[in-house]
Amino acid sequence: SGSNDGNMLSFLGMSTGGGSGGGSSSSATNTNDQTQSSSSSSAMIRSTSVQVSRITYPSSLGTPVCLAIDPSYKRRREKAVLVGFNDGRLILTKKGFFNRRNDAIIYQGSAGAIQGLAWRGQLVAWADGAGLRLFDVETMSRIATIDRPSGARVSLYPALSSLKPTIHFETSHELLCAWGDCVL
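Values in this document were obtained by computation on a predicted structure and should not be read as measured data.

A look at the overall build of the protein
Working step 1: Looking only at helices and strands, the protein features zero helices and 14 strands.
Working step 2: Counting from the amino terminus, the protein carries its helices and strands in the arrangement β-β-β-β-β-β-β-β-β-β-β-β-β-β.
Working step 3: In the protein, 49% of the contacts between residues at least 6 apart in sequence involve partners at least 24 apart.
Working step 4: Carbon together with sulfur atoms contributes 49% to the accessible area of the protein, which is approximately 11,100 Å² in total.

Take a look at the structure:
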């Protein structure tokens, strides 16, 4: 399938120096040399290499609306990303040896788009119109479901319809979610 057949996501990885990309990644190098106008000092910015990896999804999945990259992306041999779609699907995409790709639908909701997504360690949290969900990526099992707080209901505060939940792992065991006029 070509890039015109679906939705494409790009992931950037930056490193200093003249790194080179491999496989299907492309790399671009941007070199900026800046000098200060003072006579005795000069500053130089080292070149930065940016590697871009593209993952294409079929248009039947809808539009990707949020993304989380595995916190251990750089260290792991198998690269993983989570992508939330506007039809309520959450897909775990892994690329491994020889760029072999594996997609797993870990959630298919009926309450609308995935509105927020966070990943820390082996835990993933996401929100849709029904509430907040917690998932363990290592064991591929759901841990908890928390209903959407009443203060985040659009019927109570119509101006909240444009606000999306903000999800953040404060520590490995503490999850914060700001949604409407509530903090969970």
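Continuing now.
Quick notes on the pattern of salt bridges
Working step 1: Using the criterion set out here, one finds five salt bridges in the structure.
Working step 2: Beyond isolated ion pairs, a larger network of salt bridges with shared partners links Asp70, Arg76 and Glu138.

Considering the packing of aromatic side chains
Working step 1: Under the counting rule described, the total for this entry stands at three aromatic pairs.
Working step 2: Taking 5.4 Å as the distance between ring centres and 80 degrees as the angle between the ring planes, the aromatic pair formed by tyrosine 57 and phenylalanine 85 counts as edge-to-face. In this pair, tyrosine 57 sits in strand E3 (residues 48–58) while phenylalanine 85 sits in strand E5 (residues 79–85), placing the two residues 28 residues apart along the sequence.
Working step 3: With relative accessibility at 1%, the residue tyrosine 57 sits in the buried group.
Working step 4: Taking the relative accessible area as the measure of exposure, phenylalanine 85 reaches 0% and is therefore buried.
Working step 5: Seen in terms of ring centroids, tyrosine 107 and tryptophan 126 are 5.3 Å apart; in terms of plane orientation they differ by 55 degrees. Their pairing is tilted. Note that tyrosine 107 is positioned in strand E7 (residues 101–108) and tryptophan 126 in strand E9 (residues 123–127), a separation of 19 residues in sequence.

Concerning the sheet that holds strand E12 (residues 166–171)
Working step 1: As summarised here, the arrangement of the three strands in space is E12-E13-E14, forming an open sheet in which the pairing is antiparallel. At either end of the open sheet lies a strand with only one pairing partner, and these are E12 and strand E14 (182–183).
Working step 2: When strand E13 (residues 174–179) meets E14, the two strands line up antiparallel, connected through two bridges. Paired with tryptophan 179 across the bridge in E14 is cysteine 182.

Description of the nonpolar core
Working step 1: Core analysis: the biggest nonpolar cluster contains 15 residues, and Leu82, Leu90, Leu117, Trp119 and Trp126 have the highest contact counts within it.
Working step 2: Mapped by element, the contributors of at least two residues to this core are strand E4 (64–69), E5, strand E6 (89–95), E7, strand E8 (116–120) and E9.

Examining the confidence of the model for the protein
Working step 1: The predicted model of the protein has a mean per-residue pLDDT of 73, with 66% of residues at 70 or higher.
Working step 2: Of all the helices and strands in the protein, strand E2 (residues 26–30) carries the lowest mean pLDDT, 40, while E8 carries the highest, 92.
Working step 3: In the predicted structure, residues 12–42 sits below a pLDDT of 50 and forms 50 contacts with residues beyond four places in sequence or in another chain.

A word on the pairing of E9
Working step 1: Counting buried positions along E9 yields five of five residues, so the element is predominantly enclosed.
Working step 2: What you see with E9 is no split at all: Leu123, Ala125 and Ala127 on one side and Val124 and Trp126 on the other are buried throughout.
Working step 3: Where E8 lies against E9, five bridges are found, and the strand directions are antiparallel. Each residue of the ladder has a partner; that of glycine 116, found in E9, is alanine 127.
Working step 4: Counted between consecutive antiparallel strands, the loop separating E8 from E9 contains two residues, among which glycine 121 sits at a positive phi close to 60 degrees.
Working step 5: Where E9 hands over to strand E10 (residues 131–136), the hairpin turn is made up of three residues, counted between the paired strands.

Definitions and cut-offs
- Residues numbered from 1 in each chain as written.
- Predicted model: local features only at pLDDT ≥ 70, side-chain atom pairs only at ≥ 80, totals over all residues.
- Heavy atoms only, no water.
- Helix = DSSP H or I, 4+ residues; strand = E, 2+ residues; numbered from the N terminus.
- Contact = heavy atoms within 4.5 Å.
- Areas by Shrake-Rupley, 256 points an atom, 1.4 Å probe, with all protein chains shown as cover.
- Salt bridge = Lys/Arg side-chain N within 4 Å of Asp/Glu carboxyl O.
- Phe/Tyr/Trp six-rings, centres within 6.5 Å; stacked < 30°, edge-to-face > 60°.
- Buried < 20%, exposed > 50% of the residue type's maximum accessible area, 1.4 Å probe, protein only.
- Pairing = 2+ DSSP bridges.
- Core = buried A, V, L, I, M, F, W, Y, C linked by side-chain atoms within 4.5 Å.
- pLDDT = per-residue confidence, 0-100.

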